[in-house]
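Take a look at the letters that make up each chain.
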Amino acid sequence: MFLPRVVKRQEPLQWGSFFIFAAALVVSLGVSCALLAVHGKPPLKALAVLWSGGFGGPFALEDTLLKSIPIFLCSLGVAVSFRMQVWNIGAEGQFALGAVGATWAVLTFPVLPLWAMMPVMFLCAAVAGGLWAAVPAVLRLRFGMNEIISTLMFNYIGILFLQFLVYGVWKDPTSFGFPMTSIFPKAAIIGPISPATLGRVHWGLAVCAGVAVLLAVFLKRTRLGFELLAGGENPRAARYARMPYNLLVLLVMSLCGALAGFAGCIETSATVNRLQPSIMVGYGYTAIVVAWLSRLRITSIALFAFLLAGLRVGVEHLQLDLQVPAAFGGILEGMILLSVLAGQFFDRYRFTLKGRS
Amino acid sequence: MRKSVSAMLLVAAMLLMAALTGCGEDKKPAEAPKAEQKPAAAAPAPAAPAKEMQVGFVYVSPVGDVGWSWAHDQARKAIEDMDGVTTSFVESVPEGADAERVIQNMARKGYDIIFTTSFGYMDPTLKVAEQFPGITFMHCSGYKTAPNMSNYFGRMYQARYLTGMVAGAMTKSNILGYVAAFPIPEVIRGINAYTLGVRAVNPKAEVRVVWTKTWYDPATEKEAAKSLLDVGADVIAQHQDSPGPQEAAQERGVYSVGYNSNMSQFAPKSHLTAAVWNWTPFYKDVVEKVRKGEWKSGAYWPGIETGIVGVAPYGDMVPQDVRAKVDARKAEIVAGTYKVFSGPVKDQNGAVRVPEGQVLSDQDMLGMTWFVEGVVGSTQ
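Residues numbered from 1 in each chain as written. Chains lettered and ligands numbered in written order. Predicted model: local features only at pLDDT ≥ 70, side-chain atom pairs only at ≥ 80, totals over all residues.

Engineer: Go over the overall build of chain A with me, naming the residues and quoting the values.
Structural biologist: Secondary structure assignment for chain A yields 14 helices and 2 strands. Since a compact globule built from 357 residues should have a radius of gyration of about 21 Å, the 22 Å found for chain A is in line with a globular shape. Each of the three principal axes of chain A carries a C-alpha extent, and together these read 75 × 60 × 35 Å. The buried share among the 357 residues of chain A stands at 48%. (Helix = DSSP H or I, 4+ residues; strand = E, 2+ residues; numbered from the N terminus. Rg over C-alpha atoms; globule rule 2.2 N^0.38 Å. Buried ≥ 20, exposed ≤ 12 C-beta atoms within 10 Å, placed from the backbone.)

So, in structure tokens, the structure goes:
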């Protein structure tokens, strides 16, 4: 018979892997272009606008870099827990709690100087986000509750808790009843690195770099990091080798919560300078997409966070310059995710026409 | 496996770097003089009407919502038809960090007037306005101004009051439902005005409020309306951008009051009337003033007399005497002889908030965080 069969690859792909990725990208962009053409928009011009808006030029890079910071931090955390095969999809809620934690620090110690304020803010954000994530971890370990369900539910609770605070006790009395806290004092605002050369790009970028390096060292160079990776590959073997599996689950969840909390802290402090419900725009969910696309590797996470951020920024330019509806951005993103993930299938398997031997 | 992935990454990174540095070098000289030209180009613009005027809009929801953003977009289309004016917009822009970027990019692209139409755009608009003194910024529904930034809104509460009168006359159960978005002054003011209108014709009626914490979520808003119908409400009003509550009312065979635009197409059998926006005259006026150099920064809050807010045509079921009563009150509000929040106005606890013979100040209305007597619900 000449029906193609799926065969597992014996040899890992070398350069082919990159070409599969490139082909997937071309396919998804091609389909998107066709959609645009059907809609009566010039497809090639649209691609040019998308590129120049997201990546072409200093302003575009500044915008994209800024947007990728929270996505990157959340994705790091998500990727670490996915590596352990802990399906934590609660980065959104942990992000909210991080923002709440940082704001609590600012409102409780409003007169701290910058050098003390920043560590306290980040510490509170990490603790709040980490504890929030630890609860589903304990529920899973103690009662066998599926963490997919519990972390998802905790997102809603976390966001509502943030709203509860901002609509209630933390509301700025001079805001005419609108839901937001007072503007943070200067010491609690993460400033730009160098306004002259880097524009609005703030020190959150340095936090990203630091966290990424520390995490890489932790995973590659420490015993706990090794156990974490091994535990993900095979939980039973890990238990048999006397690895502290329960501790590891608790650790990755809390780590993810802390990282998402950092992202919440940075968004609150650096970009809106106060806590308000509109900081919740779904970075925690975007993080899951980025984590999958990058196959849970730190360097790829940086790359994909940047690419996805650029895509979102570019789509705004498409709207403004060509009046493409906002929904097109979602279609484009979904298309890329689907085709790249489908392409990854060919990394591990190939088709053969040979009959059974 | 690992090798191949890192190879892929390396290539991708190299390509990216090449592309970035290439573009950076290409774009920089082109971009820099542009930025310098901007203030110079914007300044003579009023004197030289030959230049096409670019007007940008930032919307919080998709324009297809037939609600808030749709109403603004109708006015944008009207401006587009004016001579020498081109417009564009960005829709579904979240109110946090993304808004600042979108507004800033409009400014960088040389738009002359930028309308930002959601409360959460206030601080981002202000930040960008400070960087681009040559551009006119119009922010809807906030309270901050700058030399080149106005805030504006319409006195929607006047239309709310009138629709409340219709609802109060039509209810049989004396329980009215109100599906509301967020407990912010704009929404609370609308609920209060509606309730005052209801109780002006039907002092026994009460208005029950449900918060959805959404602006546009058809399913949630429909469900919220159903929960009100379940407790006996027989007229559903809404401060939402989706027609979900209207549909829920029609399905149960009771009445509804729309918001933003005439929503009768979604519920022809239940739609009594609607409190509607008509931004076109105001927006045209702003464009004309900027073009002539007569625009002044300020806080604008025009009322029903300018047509910025209004009441949609009544449904067939609204009897003649009710129509006459509401139209008469409308004429009084237009003439300025009747004020919606004129005393005595009591709050939910029965405490007098506006004494007899006084009228609530604009300042107090803009920061309203309490419900009037007759509302069942909490402002949290």
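Engineer: Outline the overall build of chain B, supporting the account with residue identities and numerical values.
Structural biologist: Each helix and strand in chain B was counted, giving 11 helices and 15 strands. Put simply, chain B has 380 residues, and 49% of those count as buried. By sequence separation, contacts in chain B at least 24 residues apart represent 65% of the contacts at least 6 residues apart. (Contact = placed C-beta atoms within 7 Å.)

Engineer: Could you give an account of the sheet that holds strand β15 (residues 375-376) of chain B, with specific residues and numbers?
Structural biologist: Residue and element names in this part refer to chain B. Pairing is mixed across the open sheet formed by 7 strands, whose spatial order is β12-β10-β9-β8-β6-β7-β15. With one partner strand each, in any of the chains shown, β12 (309-311) and β15 form the two edges of the open sheet. By the bridge criterion, 3 bridges tie strand β10 (residues 271-277) to β12 in an arrangement that is antiparallel. Residue pairing for β12: V276 is matched across the bridge by G310. (Pairing = 2+ DSSP bridges.)

Engineer: Go over the sheet that holds strand β2 (residues 85-90) of chain B with me, naming the residues and quoting the values.
Structural biologist: Residue and element names in this part refer to chain B. Pairing in this open sheet of 6 strands is parallel, and the strands run β2-β1-β3-β4-β5-β11 from one edge to the other. Pairing within the sheet leaves two strands with one partner each, and these edge strands are β2 and β11 (299-300). Bridging between strand β5 (residues 149-152) and β11 involves 2 bridges; their strand directions are parallel. Following the sheet pairing, Y152 is matched in β11 by Y300.

Engineer: Could you give me a rundown of the domain arrangement of chain A, with the residues and numbers involved?
Structural biologist: Residue and element names in this part refer to chain A. Domain annotation for chain A reports domain 1 (1-41 + 324-357) and domain 2 (69-320). Taking the mean C-alpha position of each, domain 1 and domain 2 sit 31 Å from one another. Among the residues making up the side of domain 1 that touches domain 2, the classes are represented as 7 nonpolar, 1 polar and 1 charged. (Domains from an automatic or database assignment. Nonpolar A, V, L, I, M, F, W, Y, C, P; charged D, E, K, R; others polar.)

Engineer: Can you break down the environment of A105 of chain A residue by residue, with the values?
Structural biologist: All names here are of chain A. The topology assignment puts A105 in helix α4 (residues 91-108). A105 gets classed as buried once you count the C-beta atoms within 10 Å, which come to 24. Separated by 44 residues in sequence, A105 and L61 have C-alpha atoms that sit 32 Å apart. Discounting chain neighbours no more than four positions away, the residues touching A105 are V120, M121 and C124.

Engineer: Which residues make up unusual backbone geometry, and what values do they have?
Structural biologist: Along the chain, G343 of chain B connects to P344 of chain B via a cis peptide bond; the corresponding omega equals 0 degrees. With respect to the helices, strands and loops of the structure, P344 of chain B is situated in the loop between α10 (320-335) and β13 (345-346). Its identity is not glycine, yet Q85 of chain A carries a phi of approximately 55 degrees, on the positive side. Positive phi values are uncommon outside glycine, yet N273 of chain A reaches one of about 60 degrees. Among the secondary structure elements, N273 of chain A is positioned in the loop between α11 (245-272) and α12 (283-293). A residue is classified by how many C-beta atoms lie within 10 Å of it, and N273 of chain A, with 19 of them, is partly exposed.

Engineer: Go over the domain arrangement of chain B, please, and point to the residues and values.
Structural biologist: All names here are of chain B. Domain annotation for chain B reports domain 1 (53-152) and domain 2 (156-278 + 306-376). In this assembly, 11 residues from domain 1 lie in contact with 11 residues from domain 2. Partitioned by chemical class, the residues of the side of domain 1 that touches domain 2 number 7 nonpolar, 3 polar and 1 charged.

Engineer: Give me the pairing of strand β8 (residues 235-239) of chain B: which residues, what numbers.
Structural biologist: All names here are of chain B. Among the 5 residues that make up β8, 5 are buried, leaving the element largely enclosed by the rest of the structure. In β8, alternate side chains face the same way, and those of V235, A237 and H239 on one face and I236 and Q238 on the other are all buried. Judged from the 5 bridges that link them, strand β6 (residues 175-180) and β8 form a sheet pairing that is parallel. Residue pairing across strands places V179 opposite Q238, the latter belonging to β8. Where β8 lies against strand β9 (residues 255-260), 3 bridges are found, and the strand directions are parallel. Paired with I236 across the bridge in β9 is S256. Crossover handedness for the path β8 to helix α8 (residues 244-252) to β9: right-handed. (Right-handed = clockwise from strand over helix to strand, strands pointing away.)

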